[in-house]
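# Tertiary structure, described
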Amino acid sequence: MGAGRSLKRMGRLIGAAGLLGLVVGLLSLGLGAAVDGAAALFAAQPGLGWAMPVAGFAAFGLYRLLRVDFSWSTARVVKAAREGEEVPLRLAFAIIAGTALTILGGGSVGKEAAALQMGVAASGPLRRLAAPAQRRLLAPAAMAAALGALLDAPLAGIVFSFEVMRKRPTGPAEVACPAVAALVAWGVARMGGARLLPGSFPKAALVVPDAVLPALGLAVAVGLAAAAMARVFCGALHGLRCGLARLGAPLFALAVGGAATSLGLGYAEVFGYEGLRAYCGTGAAQIAAALAGDAPWWGFVAKAALTLLTLAGGYKGGEIMPVLAVGACLGAAVGEGACALAAMGGAAVPCSSGLAVSGALPAILGFSAFFAACAKCPLAAGVMAAELFGPEAAAVSVPAIALAYLCSGQRGLYPTAIALRDDCGARRGVLG
């Protein structure tokens, strides 16, 4: 009798997880379509770069219209999922529209963390399909599904859902639920044409024996650079958020952050740096350029600066894709410098052997290491590298990921203990 009841409960949980994966996969495609449409419109209409504050005000008004607290952010959603709190379903629709509005105004945000918020919100109505004791598992499963679908890495999504919540699975149900949801959502997203990497990007080549030492040296250099950059990026984000929080209202923060972004883009065009506009949006273009070896050395600075202004101002959207873009561009810059130094010294050039024959290895290392340093999720970073770039690339990424994680300090995008009052004293609702 007890075994039959347990099997029935497990069956209900698997069914709920599968349905959740289907819903999250479809919503992820909707989010992707909205963001891609907004990005295309921004590219076609350069004048929209001056409308960044208006986009922020529109998002704030939409949240008020939908009766959703504007302070809902990825950190707050993670906290709610950890503690079993309810996340309003209306947040799913608010974050889709809010992210699209941010992209339309030229903000630098991604889709993945926004999809995480959306997925957890969508899991609420499905909780009643599972047994009462297992309902708490659906929110983490929604996180795994959303990230797996949009990162094109379902296993990384599963690992991330445990790692970001600082929890270990204690039974088969806690593993099966996110696994089913992530795989179903990933399948739906793949059928809908969602891809993180360019379709023509090949898996990394094998590391030949005589390329091991240069590749290891490059991994160490990129790991240390990613750790230093993570300290600067997360510290600057925290400082800017605290400074804007003192303004006392979300609209003031949105106005300052939006105006700074618009003026930066405007003056860049006046002084002949129109290329800065390419660093708006999700960062997918920068990742592709870095993997192809076409990213300028200053690309990571431009992407990081625009992302800081956008996120610190409280604009809606995700931070994961911009972080991956900053990391890929940083790795490419370090790789370019390493090649130049090696060539000057007459040593073997890392960019001419093994994995780095296409120039992709430095970008892969930075992509993985900077994510590990900022999100404090080294296991998810390693799994993501293996899924996206192949096991050989993941093996070379291990020292870069480890160094970046260990040397980046305690401050990150998703702190272990998340309070509703920021440690800078900001009132809840000032920053989203």
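What this report covers is the structure whose coordinates are included nearby. Note that the coordinates shown come from a computational prediction; the quantities given were computed from them, not determined experimentally.

### Side note on the overall build of the protein chain
- Helix and strand counts for the protein chain come out as 16 helices and zero strands.
- Looking at the protein chain as a whole, 54% of its 432 residues qualify as buried.
- Taking the intrachain contacts of the protein chain between residues at least 6 apart in sequence as the baseline, contacts between residues at least 24 apart amount to 82%.
- About 16900 Å² of surface is accessible on the protein chain, with carbon and sulfur atoms providing 67% of the total.

### Quick look at unusual backbone geometry
- One non-glycine residue with positive phi stands out, namely Asp 152, at about 60°.
- Summarising the element assignment, Asp 152 is placed in the loop between helix H6 (138-151) and helix H7 (154-163).
- One non-glycine residue, Lys 376, lies in the positive phi region at around 55°.
- With a relative accessible area of 7%, Lys 376 lands in the buried category.

### Looking at helix H3 (residues 74-83)
- The element H3 is largely enclosed, with a buried count of nine among its ten residues.
- Along H3, the positions that sit buried rather than exposed are Thr 74, Ala 75, Arg 76, Val 77, Val 78, Lys 79, Ala 80, Ala 81 and Arg 82.
- Phi turns positive, to about 75°, at Gly 84, one or two residues after H3.

### Describing a nonpolar patch on the surface
- Judged by side-chain polarity, Leu 19, Leu 22, Leu 26 and Leu 129 come together as a nonpolar surface patch covering roughly 320 Å² of accessible area.
- Within the element layout of this structure, Leu 22 appears in helix H1 (residues 2-44).
- Classification of Leu 22 by relative accessible area gives partly exposed; the value is 37%.

### Considerations on H6
- The end-to-end C-alpha distance of H6, which contains 14 residues, comes to 20 Å, matching closely the 20 Å that a straight helix rising 1.5 Å per residue would cover.
- Counted residue by residue, H6 has 14 buried out of 14 residues, so it is predominantly covered.

### Describing the packing of aromatic side chains
- Throughout the structure, instances matching the rule amount to six aromatic pairs.
- Considering the side-chain rings of Phe 60 and Phe 70, the 5.2 Å spacing of their centres and the 75° angle between planes classify their relative orientation as edge-to-face. Linking Phe 60 in helix H2 (residues 52-65) with Phe 70 in the loop between H2 and H3, this pair joins segments that are ten residues apart in sequence. We note that Phe 60, like Phe 70, is buried.
- Between Phe 233 and Phe 370, the aromatic rings sit 6.0 Å apart at their centres with planes inclined by 70°, giving edge-to-face as the arrangement. Here the residue Phe 233 occupies a position in helix H9 (residues 212-245), and Phe 370 occupies one in helix H14 (residues 360-375), the gap between them amounting to 137 residues. Neither residue differs from the other here; Phe 233 and Phe 370 are each classed as buried.
- By the ring-pair criterion, three or more aromatic residues cluster together here, those being Phe 60, Tyr 63 and Phe 70.
- Above the ring of Phe 70, the side-chain terminus of Lys 316 is found at 4.3 Å from the ring centroid.

### A short note on the side chain of Thr 261
- Note that Thr 261 resides in helix H10 (residues 250-270).
- Judged by its relative accessible area of 1%, Thr 261 is buried.
- In terms of polar contacts, Thr 261 uses its side chain to reach the backbone carbonyl oxygen of Gly 257, at 2.9 Å.
- Beyond its immediate chain neighbours, meaning those up to four positions away, Thr 261 contacts Met 52, Gly 106, Leu 306, Leu 309 and Thr 310.

### Digging into the environment of Leu 137
- Its place among the elements puts Leu 137 in the loop between helix H5 (112-123) and H6.
- When the C-alpha positions of Leu 137 and Ala 81 are compared, they lie 8.8 Å apart, and in sequence the two are 56 residues distant.
- Setting aside anything within four residues of it in sequence, one finds Leu 137 in contact with Leu 13, Ala 173, Glu 174 and Cys 177.

Conventions used here
Residues numbered from 1 in each chain as written. Predicted model: local features only at pLDDT ≥ 70, side-chain atom pairs only at ≥ 80, totals over all residues. Heavy atoms only, no water. Helix = DSSP H or I, 4+ residues; strand = E, 2+ residues; numbered from the N terminus. Buried < 20%, exposed > 50% of the residue type's maximum accessible area, 1.4 Å probe, protein only. Contact = heavy atoms within 4.5 Å. Areas by Shrake-Rupley, 256 points an atom, 1.4 Å probe, with all protein chains shown as cover. Patch = residues over 30% accessible without salt bridge, like charges linked within 9 Å, V, L, I, M, F, W, Y side chains within 5 Å. Salt bridge = Lys/Arg side-chain N within 4 Å of Asp/Glu carboxyl O. Expected span 1.5 Å × (residues − 1). Phe/Tyr/Trp six-rings, centres within 6.5 Å; stacked < 30°, edge-to-face > 60°. Lys NZ or Arg CZ within 6 Å of the ring centre and 35° of its normal. Polar contact = N/O pair within 3.5 Å; in protein donor to acceptor, adjacent residues only side chain to side chain.

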